[in-house]
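A look at the structure
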Amino acid sequence: MIGWLQGKPIKRLPDGLIVDVKGVGYRIHTPLTLLFDLPKSEQTPDMEFWIYTRVKEDALQLYGFKTYQDRECFEMLLSVNKVGPKVALAIMSTLTIDAIIQSVEFERPEAFKAIPGIGAALASKVVIELKNKVKKLSYYHNRTNLKNDPLITGNVFGDAIESQVLDDIRSALDNLGFKSKDIEQALNDLPAESHDWEFSKMMRVVLNTLNGPKPVKKAVPAPRELF
């Protein structure tokens, strides 16, 4: 099993990267947060990836994460019945590990319900099944300066949103299958006073809007590369 790789990202894909490891190109599925945090240039340096290897009868799939704690969280999510790699990646593309822990501990399934591919029943199952498991994460006991996540506690903060973050969100939501008009409407509905949010936090705000009381219908996007 492959547990760790170091190499140079040479191609970005809608759901991950091609990483050159000593002349061999490995396709790695990654959370959108990792993908959009990468430098947008051809001079991307060598990077380390903590790998979760999934072996199927007809395929071997690699899932890459920035830290060991991220991979550990991904494996924990996979332990929930009915949560596969695609849904687990969607969760980690939308929620930070802190937000996942808080959502479970505060028993807030709505944080998971806002994520594509997760309905009310599965969101509740995630909270119930992870109740004891989140405390076993190495990250759980090493948290410092923890602040309540605004989308879990109901707090709102900020002032102006960087255009680059908005562009990344548009691209990510497009890859998830949402229509351009619905994405723009959700972005227009963002509170004018919000500012300086990280990609993952902004993503959750927009997903909450798109998956609100009257969720929008998704388009079926054609497979394509980001650039």
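Look up a bit, the structure's there.
Keep in mind that this is a model prediction, so the values were computed, not measured. (Residues numbered from 1 in each chain as written. Predicted model: local features only at pLDDT ≥ 70, side-chain atom pairs only at ≥ 80, totals over all residues. Heavy atoms only, no water.)

1. Here we look at the pairing of strand E3 (residues 24-29)
Test applied: Two strands make a pair as long as DSSP finds a minimum of two bridges between them. Under the DSSP-based scheme used, a helix requires at least four consecutive residues in state H or I and a strand at least two consecutive residues in state E, with every element numbered from the N terminus.
Note that strand E2 (residues 16-21) and E3 share six bridges and pair antiparallel. In the strand pairing of E3, Val21 is matched with Val24. If you look at the hairpin formed by E2 and E3, you'll find two residues sitting between the two strands, and Lys22 has a positive phi there, around 50°. For E3 and strand E5 (residues 60-65), the ladder comprises two bridges, and the chain directions are parallel. Along E5, the bridge assignment pairs His29 with Tyr63.

2. Description of the environment of Thr53
This is how it is decided: Relative accessibility under 20% of the residue-type maximum defines a buried residue, over 50% an exposed one, and the middle range a partly exposed one, all with a 1.4 Å probe and only protein chains included. When checking whether two residues touch, look at their non-hydrogen atoms; a contact exists if any pair is within 4.5 Å. Any pair of nitrogen or oxygen atoms within 3.5 Å is treated as a polar contact; in protein, a donor-acceptor pairing is required on top of that, and neighbouring residues in sequence qualify only through side-chain atoms on both sides.
On the secondary structure map, Thr53 appears in strand E4 (residues 47-55). Judged by relative accessible area, Thr53 falls into the buried class, the value being 12%. In contact with Thr53, other than residues within four places in its own chain, are Met1, Ile2, Leu60, Gln61 and Leu62. A polar atom in the side chain of Thr53 sits 2.6 Å from the backbone oxygen of Ile2.

3. Some points on the packing of aromatic side chains
Note the following rule: Note on aromatic pairs: the rings of Phe, Tyr and Trp (six-membered ring only in Trp) are paired at centre separations within 6.5 Å, and the planes decide the class, stacked below 30 degrees, edge-to-face beyond 60, tilted for the rest.
Applying the stated criterion across every chain, the model contains five aromatic pairs. Seen in terms of ring centroids, Phe65 and Phe74 are 4.8 Å apart; in terms of plane orientation they differ by 40°. Their pairing is tilted. With respect to burial, Phe65 and Phe74 carry one shared label: buried. Each member of the aromatic cluster is reached from another via a ring pair, and the members are Tyr52, Tyr63, Phe65 and Phe74.

4. Details of a nonpolar patch on the surface
Keep this limit in mind: Only residues whose relative accessible area exceeds 30% and that form no salt bridge enter a patch; like-charged residues are grouped when within 9 Å of one another, and nonpolar side chains (Val, Leu, Ile, Met, Phe, Trp, Tyr) when within 5 Å. Note on areas: Shrake-Rupley with a 1.4 Å probe; residue coverage comes only from the protein chains shown. One speaks of a salt bridge when a side-chain nitrogen belonging to Lys or Arg is within 4 Å of a carboxyl oxygen belonging to Asp or Glu.
On the surface, Met1, Val55 and Leu60 cluster together into a nonpolar patch covering about 380 Å² of accessible area. Relative to the helices and strands, Leu60 resides in strand E5. Residue classification places Leu60 among the exposed positions, given a relative accessible area of 55%.

5. A word on helix H9 (residues 180-188)
Put simply, the rule reads: By arc we mean the arc of the directions from the helix axis to the C-beta atoms, nothing more.
The set of residues buried in H9 consists of Asp182, Ile183, Ala186 and Leu187. Looking straight down H9, one finds that the buried residues subtend no more than 135° of arc, so they occupy a single side. Along H9, the residues that are exposed and aim more than 90 degrees away from the buried face are Ser180, Lys181 and Asn188.

6. Examining the sheet that holds strand E1 (residues 4-13)
Remark on secondary structure: sheet strands pair via backbone hydrogen bonds, oriented parallel or antiparallel. Selection criterion: A fitted line through C-alpha atoms serves as each axis, taken over the contacting stretch for helices, and the angle formed by two N-to-C directions is quoted from 0 to 180°.
Taken together, the five strands give a closed barrel; going around it, the order is E1-E2-E3-E5-E4, and neighbouring strands pair in mixed fashion. In this sheet, adjacent strand axes meet at a mean angle of 55° when their direction is disregarded. Its contacts with the sheet place helix H2 (residues 68-78) against E4 and E5, and it is angled at close to 20° to E4. Contacts from helix H3 (residues 85-94) reach E3, E4 and E5 within the one sheet, and its direction differs from that of E5 by about 10°.

7. A closer look at the pattern of salt bridges
When the charged atoms of two side chains with opposite charge come close together, those side chains can pair. Summed over the entire model, instances satisfying the criterion amount to four salt bridges. Arg27 serves as the salt-bridge partner of Asp15, at 3.1 Å between the closest nitrogen and oxygen. Here Asp15 is found in the loop between E1 and E2, whereas its partner Arg27 is found in strand E3, with twelve residues between them in sequence. A residue is classified by how much of its surface remains accessible, and Asp15, at 28% relative accessible area, is partly exposed. Under the relative-accessibility criterion, Arg27 is labelled partly exposed at 46%. Residues Glu184 and Arg170 are paired through a salt bridge, measuring 2.6 Å at the closest nitrogen-oxygen approach. With Glu184 in helix H9 and Arg170 in helix H8 (residues 163-176), this pair connects stretches of sequence that are 14 residues apart. On the accessibility criterion, Glu184 (29% relative accessible area) is partly exposed. For Arg170, a relative accessible area of 28% gives the class partly exposed.

8. Description of the nonpolar core
Soluble globular proteins tend to bury their nonpolar side chains together. Threshold: Only buried Ala, Val, Leu, Ile, Met, Phe, Trp, Tyr and Cys residues count toward a nonpolar core, and they belong to the same one when joined by side-chain atoms within 4.5 Å.
Of all hydrophobic cores here, the largest spans 32 residues; its most connected members are Leu77, Ile91 and Phe112. Elements that contribute at least two residues to this core include exactly E5, H2, H3, helix H4 (97-105) and helix H6 (120-130). The next biggest cluster of nonpolar side chains, apart from the first, holds 29 residues, and it includes Leu62, Leu190, Met203 and Leu210.

9. With respect to the packing of H2 against H3
Rules: By the definition adopted for this analysis, an angle is roughly parallel if under 35 degrees, roughly antiparallel if over 145, roughly perpendicular if from 65 to 115, and oblique otherwise. Two helices that cross are described as forming a left-handed crossing if the nearer one is turned anticlockwise from the farther one by less than a right angle, and a right-handed crossing if clockwise. All residues other than Ala, Val, Leu, Ile, Met, Phe, Trp, Tyr, Cys, Pro, Asp, Glu, Lys and Arg, Gly among them, are scored as polar; the first ten of these are nonpolar and the last four charged.
Where H2 contacts H3, the axes come no closer than 9 Å and their chain directions differ by 130°. The angle between H2 and H3 places the two elements in the oblique class. Crossing geometry of H2 relative to H3 is assigned as right-handed. Counted together, Asp70, Cys73, Phe74, Leu77 and Leu78 of H2 and Pro85, Ala88, Leu89, Ile91 and Met92 of H3 form the full contact between these two elements. Residues of the contact of H2 with H3, tallied by class, amount to nine nonpolar, no polar and one charged.

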